Amino acid sequence: NDNAISGYNGISLIYKHINRYGVTANFSYTYSHALDDVSNGGQSEDFNNNGLPYQIVPNHTSLLMYSNADYDIRHNFLADFTYVEPNHFRNKIVDFAGGGWTVGGKVYWRSGLPFSVFNNNAANDLYNGTGNYYVLADVLDNHFNHFCNSFSHPCFQGHFFNGSGVSNQDPYNDPAQANFGNVPRNAFYGPHYADVDLSVYKNIVQEGSVQFKVGAQAFNIFNHTNFAAPNNDASLSNLGLITSDVVAPTSPYGSFGSPSSGRIIVVTGVLTF
């Protein structure tokens, strides 16, 4: 059904700082709420690998579907700074050591991405006529935690979902799920994402139009691990366990192409003439 709807509300605050000492800095914060009934056009291109790539019930797009979008990031902080050494020293040795430096950095922090919890056992029983086997799991306890982002508040403890493999009871004694779920899609949020990148460059030669500088870029300089969303199939025993991490959205290898989530350092030399 292409009769889709979406909505977005947001507010951004930005502060910019420039001074005569060579420092330029930008700080921004965005609060937003993005909603739709299927993200990315329903073409099986889910944004965070834990979303719902199709409409569950095509004849009722509002039923469980109009909810948080796959990219609903409620809180997003960004800070970046650049320092260009403004001084020129008379002593050539001091000028070579202390002049010509450029230091830049970026700090990212955003809240976790939303995800859905499915029940593949119910999906096998409730064929929905679309050829796509996605059924949201029934929540058995309404007092549940929407945020799966800390060790002190783990997700999905105890007898939580219909047919859940982590249930303290026999999951096959649960009542058979006869609907497409009782909570909307993307009702849960995974861990936050944080990253700090840094670059340092030094002018070695600057004569007229010829400039040569060397430096390094450090991506994820603190080697911080960012965790992926927990496993989200209520019919399996690993429901709620986080078993993977996520890579940076951009890196020296391009967008969504980093082979590692850890620290990456690139050493470069640039000749301009």
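None of these values were measured; they are calculated from a predicted model. (Residues numbered from 1 in each chain as written. Predicted model: local features only at pLDDT ≥ 70, side-chain atom pairs only at ≥ 80, totals over all residues. Heavy atoms only, no water.)

A. Inspection of the overall build of the chain at higher detail. On a plain count of helices and strands, the chain comes out with 2 helices and 12 strands. Relative to its full complement of 273 residues, the chain shows a buried share of 37%. About 15,700 Å² of surface is accessible on the chain, with carbon and sulfur atoms providing 56% of the total. (Helix = DSSP H or I, 4+ residues; strand = E, 2+ residues; numbered from the N terminus. Buried < 20%, exposed > 50% of the residue type's maximum accessible area, 1.4 Å probe, protein only. Areas by Shrake-Rupley, 256 points an atom, 1.4 Å probe, with all protein chains shown as cover.)

B. Here's a closer look at the pattern of salt bridges. Enumeration over the complete set of coordinates arrives at 4 salt bridges. Across the pair D70 and R185 runs a salt bridge whose closest N-O atoms are separated by 3.6 Å. Residue D70 is located in the loop between β3 (67-68) and β4 (75-84), and its partner R185 is located in the loop between α2 (120-125) and β7 (188-189); the two are separated by 115 residues in the primary sequence. Each member of the pair, D70 as well as R185, is classed as buried. Taking the shortest distance from any N to any O, the salt bridge between R74 and D72 comes out at 2.7 Å. Residue R74 is classed as partly exposed on the basis of its relative accessible area of 21%. Shared partners join several salt bridges into a network, and the residues in it are D36, D70 and R185. (Salt bridge = Lys/Arg side-chain N within 4 Å of Asp/Glu carboxyl O.)

C. The pairing of strand β8 (residues 193-207), seen in detail. Pairing analysis gives 10 bridges linking strand β5 (residues 101-110) to β8, with the strands arranged antiparallel. The residue bridging Y108 from the neighbouring strand is D195, located in β8. Bridge analysis of β8 against strand β9 (residues 210-219) gives 9 bridges, and the strand direction is antiparallel. Paired with V200 across the bridge in β9 is A216. The turn joining β8 and β9, which pair antiparallel and follow one another in sequence, is formed by 2 residues; a positive phi near 65° is taken by G208. (Pairing = 2+ DSSP bridges.)

D. Seen up close, the packing of aromatic side chains. Summed over the entire model, instances satisfying the criterion amount to 5 aromatic pairs. Their ring planes at 35° and their centres at 4.7 Å tell us that Y29 and F77 sit as a pair that is tilted. A residue pair is termed long-range when its members are at least 10 positions apart, and Y29 in strand β2 (residues 23-36) and F77 in strand β4 qualify at 48 residues. An aromatic cluster of at least three residues, connected via ring pairs, comprises Y29, F77 and W109. Taking the ring centre of Y201 as reference, the NZ or CZ of K213 above it sits at 5.2 Å. (Phe/Tyr/Trp six-rings, centres within 6.5 Å; stacked < 30°, edge-to-face > 60°. Lys NZ or Arg CZ within 6 Å of the ring centre and 35° of its normal.)

E. Highlighting unusual backbone geometry. One non-glycine residue with positive phi stands out, namely N186, at about 55°. Within the fold, N186 resides in the loop between α2 and β7. Residue N186 is classed as buried on the basis of its relative accessible area, which comes to 0%. The backbone of N220 shows a phi angle near 55°, a positive value even though the residue is not glycine. Structurally, N220 is set in the loop between β9 and β10 (250-251).

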